[in-house]
Amino acid sequence: MPEAMRPDLSGVDPLTVNLTHRVCIGDLPTRASITYGERPALIDDDTTVSYVELERLANSVARGLQEAGLTRGDRLAIQLQNRWQNVVTFLACTKLGVIALPLNLALAPTDIAYQLSDSGSVALVTEDALLPAAEAALRGADHEVRQVWVVGTAPEAVGGVPATGWAPLAAGDGSRFESIVEDRDIVHCLYTSGTTSLPKGVLTSHVAVQLSALSAAVALGLRPDVDPGATPLVLPLFHVTALDALLLPALLAGSTVILHRGFDPAAVAADFGRHAITHLTMLPAMWAALLAQPALAEGDTDSLVTGLYAMAPMPAPLLAALRERFPNAAIILGSGQTETTPASQVQWSGHQGVKDDSWGPAVAATEVQIMGPHGDLLPRGEEGEIVYRTPQLMEGYWHNADANTEAFAHGWFHGGDIGYLDEDGVVWFTDRAKDIVKTGGENVSSVEVERVVLGHESVAECAVVGRPDERWGEAVTAYVVPADGATIDPDALREHCKERLAGFKVPKAFEQVEALPKTATGKIRKVELR
């Protein structure tokens, strides 16, 4: 074999080699502070953090964590709402090479304790409003947490672990912080929702998150300019969508991110009156709630460039109403999963009204194919499992060799989704493999049935599952939440479906419920409905 062509850098300091070549999320605020200066990076209620200040704060907190004994590869759990301290803490971790472990705020203390123990976290950043959950999770549990920092009023200890205030971390030396971090070092560990088994820790590298942010910026039309864009962030930062697909791309492009503790449609409507909102990502139910706000008519809805929705189908009437209200915006769907560091597919603006029910094509750094049951790649138009090759992909699952073997079978990543590619390379999602309803010898896509049911004016939300049935094996069953002021009429819904679906796909039963069971990020927990 010929000699590998590599430069001789033996005379160059290893830190210099790393700093001048690496991919590190911690370098994002450094570069942004130079390019965007005093431009607002974050707005959190009455607090505005400029790009220069964001860099200073992240450097200070990184030094504080280092002085407390945290080193590259250590795990720091973050239990914070959408607030500027959350963003600073995460960026500080990326500068130091510490692995961030964002905790789902809806978790029970036992679930928090499991993640702290399984990940080997050595420290926790929380806030005073969340201390009861942190206390219960830490007390008596088998974990390695040795320090707790609290945003707000800090007690002397939390669950028997020494505690102190977070604010001093941010009040130290904010000059440039330099530490070796490699491209493939893990930037964060995000646990899957675990609806059918124990959650799995998804380990994602700096290079994967960087490429995801760049791909998302391109797909969402984010670009640096003299007049910065603005995006309200209502999805929780403990979720991969908010963190990697929304926050980081916005900061790359010099946008202003408006942090919301949770979703309040009136507050989001007010944002359009205060700022030139250019990008907004929400769930379909959130978009519907925003559209119902009278104050929205008083704001500048013409400023919106991209309105993204995710995690659930968008009813056609709602989609049409949004495009009328936001005439200059592309109202499009984005999709992905924690393991592929979304977005993986995003519709193009030209797909509006043409391929609204698709997932759109793969983003720039992702290849999508369709695989048959024996590992063969299928031609366009044939249905099979959606598989991926992309540098945005996770490194693997933590402590789960069997899951890794299954996920990476046949040289591709398997996410468990069924679908096909059309002649234009657009991905069409049929269903999650586990959510396909097998009834009377036929396979029924729950997503297809949900779209039809959602098209009825009396329905606000819908989830379709297969319930055990002696005759059919599984009976197609629709759980429906009525629209405001509406009454669910099963016979009317059945007729509506018969006009639009094959007979075996029409739900055998319509169950009216006040609300659908969901995860903290808005995904419907179908396992509770079966």
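Residues numbered from 1 in each chain as written. Predicted model: local features only at pLDDT ≥ 70, side-chain atom pairs only at ≥ 80, totals over all residues. Heavy atoms only, no water.

**Topic: the overall build of the chain**
Helices and strands together make up the secondary structure of the chain, namely 15 helices and 26 strands. Since a compact globule built from 530 residues should have a radius of gyration of about 24 Å, the 24 Å found for the chain is in line with a globular shape. For the C-alpha atoms alone, the extent of the chain along its principal axes is close to 70 × 65 × 50 Å. Within the chain, buried positions represent 56% of all 530 residues. Sequence separation of 24 or more characterises 65% of the internal contacts of the chain that already satisfy a separation of 6 or more. Side chains of the chain give 39 positive and 67 negative charges; the mean places of these two sets differ by 2 Å. (Helix = DSSP H or I, 4+ residues; strand = E, 2+ residues; numbered from the N terminus. Rg over C-alpha atoms; globule rule 2.2 N^0.38 Å. Buried < 20%, exposed > 50% of the residue type's maximum accessible area, 1.4 Å probe, protein only. Contact = heavy atoms within 4.5 Å. Lys, Arg positive; Asp, Glu negative; His and termini not counted. Charge placed at Lys NZ, Arg CZ, Asp CG, Glu CD.)

**Notes on the packing of helix 11 (residues 284-291) against helix 12 (residues 316-325)**
Helix 12 packs onto helix 11 with a crossing angle of 50 degrees between their chain directions and a minimal axis gap of 11 Å. Between helix 11 and helix 12, the interaxial angle falls into the category oblique. In this structure, helix 11 crosses over helix 12, and the sense of that crossing is left-handed. Taken together, the residues of helix 12 that come into contact with helix 11 (itself represented by Pro284, Trp287, Ala288 and Leu291) are Leu318, Ala321, Leu322 and Arg325. (Axes fitted to C-alpha atoms, helices over the stretch in contact; angles between N-to-C directions. Parallel < 35°, antiparallel > 145°, perpendicular 65-115°, else oblique. Left-handed = near helix turned anticlockwise from the far one by under 90°.)

**Brief notes about the environment of Arg494**
Mapped onto the elements of the fold, Arg494 is located in helix 15 (residues 490-498). Distance from Arg494 to Ala509, taken between C-alpha atoms, is 8.6 Å for residues 15 residues apart in sequence. Once residues within four sequence positions are removed from consideration, Arg494 is found in contact with Val506, Pro507, Lys508 and Phe510.

**Looking at the pattern of salt bridges**
Under the defined criterion, the tally for this structure stands at 24 salt bridges. Arg63 is the partner of Asp173 in a salt bridge, and the nearest nitrogen-oxygen pair spans 3.6 Å. Here Arg63 lies in helix 3 (residues 51-67) and Asp173 lies in the loop between helix 7 (167-170) and strand 9 (186-191), a separation of 110 residues in the sequence. Two residues, Glu127 and Arg83, come together in a salt bridge whose shortest N-O distance is 2.8 Å. Pair noted here: Glu127 is in strand 5 (residues 123-127) and Arg83 is in the loop between strand 3 (75-78) and helix 4 (84-96), with a separation of 44 residues, a long-range link. With respect to class, Glu127 is no different from Arg83; both count as buried. Connected through salt bridges with shared partners, the residues Arg22, Asp27 and Arg31 form a single ionic network. (Salt bridge = Lys/Arg side-chain N within 4 Å of Asp/Glu carboxyl O.)

**Overview of the pairing of strand 10 (residues 201-205)**
Of all five residues in strand 10, five are buried; the element is thus mostly enclosed. The two faces of strand 10 match: Gly201, Leu203 and Ser205 on one face and Val202 and Thr204 on the other face are all buried. Alignment of strand 10 against strand 19 (residues 396-397), held across two bridges, turns out to be antiparallel. If you follow Val202 over to strand 19, its bridge partner there is Tyr397. (Pairing = 2+ DSSP bridges.)

**Some words on the domain arrangement of the chain**
Examined at the domain level, the chain breaks down into domain 1 (22-205), domain 2 (207-432) and domain 3 (436-528). Using only C-alpha atoms to locate each centre, domain 1 and domain 3 end up separated by 40 Å. (Domains from an automatic or database assignment.)

**As for helix 11**
Within the span of helix 11, buried status applies to Pro284, Met286, Trp287 and Leu290. Angular distribution of buried residues about the axis of helix 11 spans 160 degrees; they occupy a single face of the element. (Arc of directions from axis to C-beta.)

**Remarks on the side chain of Asp27**
Following the sequence through the fold, Asp27 ends up in helix 2 (residues 27-36). Overall, the relative accessible area of 11% leaves Asp27 in the buried class. Polar side-chain contacts of Asp27 include one of 2.8 Å to the side chain of Arg22. (Polar contact = N/O pair within 3.5 Å; in protein donor to acceptor, adjacent residues only side chain to side chain.)

**Focus on the sheet that holds strand 14 (residues 306-309)**
Taken in spatial order, the four strands make up an open sheet running 13-14-15-16, and their pairing is mixed. Each edge of the open sheet carries a strand with a single partner, namely strand 13 (279-282) and strand 16 (345-346). Sheet analysis places strand 13 next to strand 14, joined by four bridges and oriented parallel. Bridge pairing in strand 14 places Met282 opposite Tyr309.

**A closer look at the nonpolar core**
Core analysis: the largest hydrophobic core is formed by 104 residues, its most contacted members being Leu65, Leu76, Trp166, Leu247, Trp287, Leu290 and Phe326. If you count residues domain by domain, this core takes at least three from each of domain 1 (22-205) and domain 2 (207-432). Excluding its chain neighbours within four sequence positions, the residues that come into contact with Leu65 are Leu70, Leu76, Ala92, Cys93, Leu96, Trp149 and Leu169. Listed in part, the 22 residues of the second largest apolar core include Ala77, Leu131, Leu138 and Val161. (Core = buried A, V, L, I, M, F, W, Y, C linked by side-chain atoms within 4.5 Å.)

**Some words on the packing of aromatic side chains**
Per the counting criterion, the structure on display carries eight aromatic pairs. For the ring pair Tyr36 and Tyr51, a centre distance of 5.2 Å and an interplane angle of 55 degrees mean the geometry is tilted. Here Tyr51 lies in helix 3 and Tyr36 lies in helix 2, a separation of 15 residues in the sequence. Tyr51 gets classed as buried once you look at its relative accessible area, which sits at 1%. Seen from their ring centres, Trp84 and Trp166 are 5.6 Å apart, and the 75 degrees between their planes marks the pair as edge-to-face. Of this pair, Trp84 sits in helix 4 while Trp166 is found in the loop between strand 8 (161-165) and helix 7, placing the two residues 82 residues apart along the sequence. (Phe/Tyr/Trp six-rings, centres within 6.5 Å; stacked < 30°, edge-to-face > 60°.)

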